[in-house]
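# Residue-level structural notes
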Amino acid sequence: MNKAQFVELVQASGDYKTKVEAEAAIKAFTEAVTTALVKKEDVSLVGFGSFSANLQKGKSGKVPGTDKTYTTQDKMVPKFKAGKGLKDRIAAGK
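Chains are numbered independently. Their residues run from 1 in the order of the written sequence. Local features are withheld for residues below a pLDDT of 70 in this predicted model, meaning they are given only at 70 or higher, and side-chain atom pairs are given and counted only at 80 or more; totals for whole chains, interfaces and linings count all residues. Note that the side-chain values use all heavy atoms of the structure and ignore hydrogens as well as water.

### Topic: the overall build of the chain
Note the cut-off: Helix and strand definitions here come from DSSP, where helices need a minimum of 4 consecutive H or I residues and strands a minimum of 2 consecutive E residues; each element is numbered from the N-terminal end. Using C-alpha atoms as the atom set, the radius of gyration is obtained and then compared with a globule rule of 2.2 Å times the number of residues to the power 0.38. Residue exposure (1.4 Å probe, protein chains only): buried if accessible area is under 20% of the type maximum, exposed if over 50%, otherwise partly exposed.
For the chain, the count of helices and strands is three helices and five strands. When the helices and strands of the chain are placed in sequence order, the string is α-α-β-β-β-β-β-α. Taking 12 Å as the expected radius of gyration for a compact globule of 94 residues, we find that the chain reaches 19 Å, considerably beyond that expectation. In terms of principal-axis extent, the alpha carbons of the chain reach across some 60 × 30 × 30 Å. Counting over 94 residues, the chain shows a buried share of 15%.

So this is what it looks like as structure tokens:
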């Protein structure tokens, strides 16, 4: 599903009159979650899931076929853990 299809789905599910309103709601949600994660705050939506910012440790490795090695830095990455309600609905196919 691409963004345009998702906007149409949100418009139908959320009873928005126009696609512009639905897109604004999506943008507001994503901006709010992004802002919270930048501040290293978790966002928990009961029944849906939780978003968090986790530290991913750097790693080192070797490029196959050569003697070159590389090292990556530690960085913060977003993480989503699905809630029980979401898992149950997906498993049921509804």
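### Re the packing of helix H1 (residues 3-14) against helix H2 (residues 19-38)
To be explicit about the condition: A fitted line through C-alpha atoms represents every axis, and for helices the fit uses only the stretch in contact; the resulting angles, taken between N-to-C directions, go from 0 to 180 degrees. Each angle gets one of four labels, with under 35 degrees taken as roughly parallel, over 145 as roughly antiparallel, 65 to 115 as roughly perpendicular, and the rest as oblique. Residue contacts are defined here by distance: any two heavy atoms, one from each residue, within 4.5 Å place the two residues in contact. Classification convention: Asp, Glu, Lys, Arg as charged; Ala, Val, Leu, Ile, Met, Phe, Trp, Tyr, Cys, Pro as nonpolar; all other residues, Gly among them, as polar.
Contact geometry for H1 and H2: axes closest at 8 Å, N-to-C directions at 100°. Viewed along their axes, H1 and H2 adopt a mutual orientation that is roughly perpendicular. Each of Lys3, Phe6, Val7, Glu8, Val10 and Gln11 in H1 lies in contact with H2, whose residues at this interface are Lys19, Ala22, Glu23 and Ile26. Among the residues making up the contact of H1 with H2, the classes are represented as five nonpolar, one polar and four charged.

### Topic: the pairing of strand S2 (residues 49-56)
For clarity, the cut-off: For two strands to pair, DSSP has to find at least two bridges joining them.
The pairing of strand S1 (residues 43-45) with S2 spans three bridges and is classified as antiparallel. By the bridge assignment, Ser44 is partnered in S2 with Ser50. With antiparallel pairing between neighbouring strands as the criterion, S1 and S2 make up a hairpin whose turn holds three residues, including Gly47 at a positive phi of roughly 90°. One ladder, built from eight bridges, connects S2 with strand S5 (residues 75-82); its direction is antiparallel.

### A few points about the pattern of salt bridges
As a reminder of what qualifies: The term salt bridge refers to a pairing of a side-chain nitrogen on Lys or Arg with a carboxyl oxygen on Asp or Glu at a separation within 4 Å.
Tallying each qualifying case throughout the model produces four salt bridges. Put simply, Glu8 and Lys19 hold a salt bridge, and the shortest N to O gap is 3.2 Å. Separated by eleven residues along the polypeptide, Glu8 in helix H1 and Lys19 in helix H2 bring together distant segments of the chain. Across the pair Asp67 and Lys62 runs a salt bridge, and its minimum N-O distance is 4.0 Å. For Asp67, a relative accessible area of 73% puts it in the exposed group.

### Examining a nonpolar patch on the surface
For clarity, the cut-off: Patch members must show over 30% relative accessible area and no salt bridge, and they are joined within 9 Å when carrying like charges or within 5 Å when they are nonpolar side chains of Val, Leu, Ile, Met, Phe, Trp or Tyr. Working definition of accessibility: Shrake-Rupley area with a 1.4 Å probe, residue cover restricted to the visible protein chains.
Residues Phe29, Leu45, Phe48 and Phe80 make up a contiguous nonpolar surface patch of roughly 340 Å² in combined accessible area. Structurally, Phe48 can be placed in the loop between S1 and S2.

### Some thoughts on the nonpolar core
Our working definition: In this text, buried Ala, Val, Leu, Ile, Met, Phe, Trp, Tyr and Cys residues form a nonpolar core when linked through side-chain atoms within 4.5 Å.
If you look at the biggest cluster of nonpolar residues, it comprises five residues: Val33, Ala36, Leu37, Val43 and Phe51. The greatest single-element share of this core, amounting to three residues, is contributed by H2. Once residues within four sequence positions are removed from consideration, Ala36 is found in contact with Glu41 and Val43.

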